[in-house]
Amino acid sequence: WAIMAEDTPVVTYNNTTLYEYDLGLLRPGVWLNDNIINFYWEWLEEASEQNSVSMGWFGPSQAMMLSFMDPSDLKETFSSLSLEEKDIVLIPINNHDDPDKAGGSHWSLLVWSKAAKKFYHLDSLPNGGNFRVAKEKAQQIIHCLVDETPRSISISAVDSACQDNSSDCGIFVLANAQYIYSHNIKVTSFLFSSFVPLIS
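Q: Which residues make up the environment of Leu25, and what values do they have?
A: With respect to the helices, strands and loops of the structure, Leu25 is situated in the loop between α1 (20-24) and α2 (34-47). Residue Leu25 is classed as buried on the basis of its relative accessible area, which comes to 10%.

Q: So what's going on with the pattern of salt bridges? Which residues, and what values?
A: The full count for this structure, using the stated rule, is 1 salt bridge. When the shortest N-O distance is used, the salt bridge between Arg132 and Glu136 registers 2.7 Å. Of the two residues, Arg132 and Glu136 both sit in helix α5 (residues 131-145), 4 residues apart, roughly one turn of that helix.

Q: So, the packing of α2 against helix α6 (residues 169-182): which residues are in play, and what are the values?
A: Pairs of packed helices are described in terms of their axes, by the angle between the two and the distance that separates them. One can describe the packing of α2 onto α6 by two numbers: an axis separation of 11 Å at closest approach and a directional angle of 0°. For the element pair α2 / α6, the angle class is roughly parallel. Across from Ile37, Tyr40, Trp41, Trp43, Leu44 and Ala47 in α2, the residues of α6 making contact are Val173, Leu174, Ala177, Gln178 and Tyr181. Within the contact of α2 with α6, the residues separate by chemical class into 10 nonpolar, 1 polar and no charged.

Q: Tell me about α5, residues and numbers included.
A: Between its terminal C-alpha atoms α5 stretches 20 Å, which fits the 21 Å expected from 15 residues at 1.5 Å a residue. Within α5 the residues assigned to the buried category are Val133, Ala134, Lys137, Ala138, Gln140, Ile141, Ile142, Cys144 and Leu145. Buried residues along α5 sit against α3 (60-65), α4 (71-77), β4 (88-94), β5 (107-113), β6 (118-122) and β7 (155-158).

Q: Explain the packing of aromatic side chains residue by residue, including any values.
A: Applying the stated criterion across every chain yields a total of 6 aromatic pairs. Taking the centre distance of 4.9 Å and the plane angle of 55° together, the rings of Trp112 and Phe119 count as tilted. Taking the relative accessible area as the measure of exposure, Trp112 reaches 4% and is therefore buried. Residue Phe119 is classed as buried on the basis of its relative accessible area of 0%. Taken together through their ring pairs, the aromatic side chains of Tyr40, Trp43 and Tyr181 make up a single cluster.

Q: I'd like to hear about the side chain of Asp123, residue by residue, with values.
A: Among the secondary structure elements, Asp123 is positioned in the loop between β6 and α5. Among buried charged residues, Asp123 stands out as having no salt bridge; its nearest opposite-charge side chain is Arg132, 11 Å away. Looking at Asp123, its side chain comes within polar contact range of the main-chain nitrogen of Leu125, at 2.9 Å. Within the structure, Asp123 has its side chain in polar contact with the backbone nitrogen of Asn130 (distance 2.8 Å). Excluding residues that lie within four positions of it along the chain, Asp123 makes contacts with His106, Ser108, Gly128, Gly129, Asn130, Phe131 and Ser160.

Rules used in this analysis
Residues numbered from 1 in each chain as written. Predicted model: local features only at pLDDT ≥ 70, side-chain atom pairs only at ≥ 80, totals over all residues. Heavy atoms only, no water. Helix = DSSP H or I, 4+ residues; strand = E, 2+ residues; numbered from the N terminus. Buried < 20%, exposed > 50% of the residue type's maximum accessible area, 1.4 Å probe, protein only. Salt bridge = Lys/Arg side-chain N within 4 Å of Asp/Glu carboxyl O. Axes fitted to C-alpha atoms, helices over the stretch in contact; angles between N-to-C directions. Parallel < 35°, antiparallel > 145°, perpendicular 65-115°, else oblique. Contact = heavy atoms within 4.5 Å. Nonpolar A, V, L, I, M, F, W, Y, C, P; charged D, E, K, R; others polar. Expected span 1.5 Å × (residues − 1). Phe/Tyr/Trp six-rings, centres within 6.5 Å; stacked < 30°, edge-to-face > 60°. Lys, Arg positive; Asp, Glu negative; His and termini not counted. Polar contact = N/O pair within 3.5 Å; in protein donor to acceptor, adjacent residues only side chain to side chain.

Don't take any of this as a statement about function, it's just geometry.
Take a look at the structure:
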C-alpha cells in the first residue's frame, strides 16, 4: 500500500476537502477537528433542503469568526446564509479562543429556534462544560437571526447523551445534529424537554 502524505486530498464535498490528516482523526480516542465537522455540516445542509423544516447550518469556522468581529458587521457578513429566515439554526461550539493557532478541547451544539425565540445547548459533558462559551456565541450570533436585537438572550441547557471518554465530543455534536435533521424537528421547548438522542 502507498503511504499518503498528511496533506494529500482524499475527498471533496461542495466547498470542503478532507485530507489524509483529517481521516487520521477518525480513529478512536482522537478529537475531531473543524474540517471534519464542516464536511458533515455541508452534507447535512444539502440533505436538509428536502425537509419541511427550514434549517440553517452555521459552520465551525464561521462560529469562530463571531468572537473577532464587530457585532454591527455580523448581519451583513453572513447575509448570504439568510439565517433570519430559518426555523432552526445549528451552530457547533468550540472552546478555542485563539484564531491564530489550532486548539480547543471541547465541542458542543448550540441550536436556535425561531418559533421559541431562544437557544438550546446540547453538551455531551455531564457538567455542561461549554455553556459559558455557548452563551457568548448566542449573544454574538443573535444579530444575524433577528431584525431587532433583544435586550436579553434566552438559552437553555438540554439533556442529551453523554460521552464516556475525553475525546468523543465532536462525534456527539454530529450525532445530535443528525438526530435533529433526520427527525425533521421544528424545535420548541416542548420537543426539547425530553431530548436525549442515543448513539448506537
